[in-house]
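# Inside the fold
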Amino acid sequence: MLWSNFCSGDYAVAVAKSSNGRLDGKWIQSEKLLYGRGERPEWVFDGGHPMIFPADNGKFYLSIHSPNWNDGTVFEHLLLLPLGLSDDGVEIL
């Protein structure tokens, strides 16, 4: 499950996995954010409300809005990030 919440004052995307693969399982939160401001040098803004979708090229992408604020010079916009999906989880490439 991908979800968004505030982390250190910024909006971020996190991953949780069900212990039994079902909704009624114990949800285990990943210790590492999937997306968060400063997690990579190029991620200068926060963002959230993630969705995964397949593209026509057979690859998967994460869509989020970023940043989670508007200041008159920087405006909230769509950010598309390529994903790697596996049985072990999801990662931004």
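All of the points below concern the structure found in this document.

What counts and how
Residues numbered from 1 in each chain as written. Predicted model: local features only at pLDDT ≥ 70, side-chain atom pairs only at ≥ 80, totals over all residues. Heavy atoms only, no water. Helix = DSSP H or I, 4+ residues; strand = E, 2+ residues; numbered from the N terminus. Buried < 20%, exposed > 50% of the residue type's maximum accessible area, 1.4 Å probe, protein only.

### Here's the deal with unusual backbone geometry
Going from Ser66 to Pro67, the amide bond is cis rather than trans, its omega being -10°. Positionally, Pro67 belongs in the loop between β5 (60-66) and β6 (77-86). Backbone geometry at Ser8 places phi at a positive 55°, although glycine is not the residue there. By the element assignment, Ser8 lies in the loop between β1 (2-7) and β2 (10-18). Residue class for Ser8 comes out exposed when judged on its relative accessible area of 75%. The phi dihedral of His49 falls on the positive side, at around 55°, and the residue is not glycine. Summarising the element assignment, His49 is placed in strand β4 (residues 48-54).

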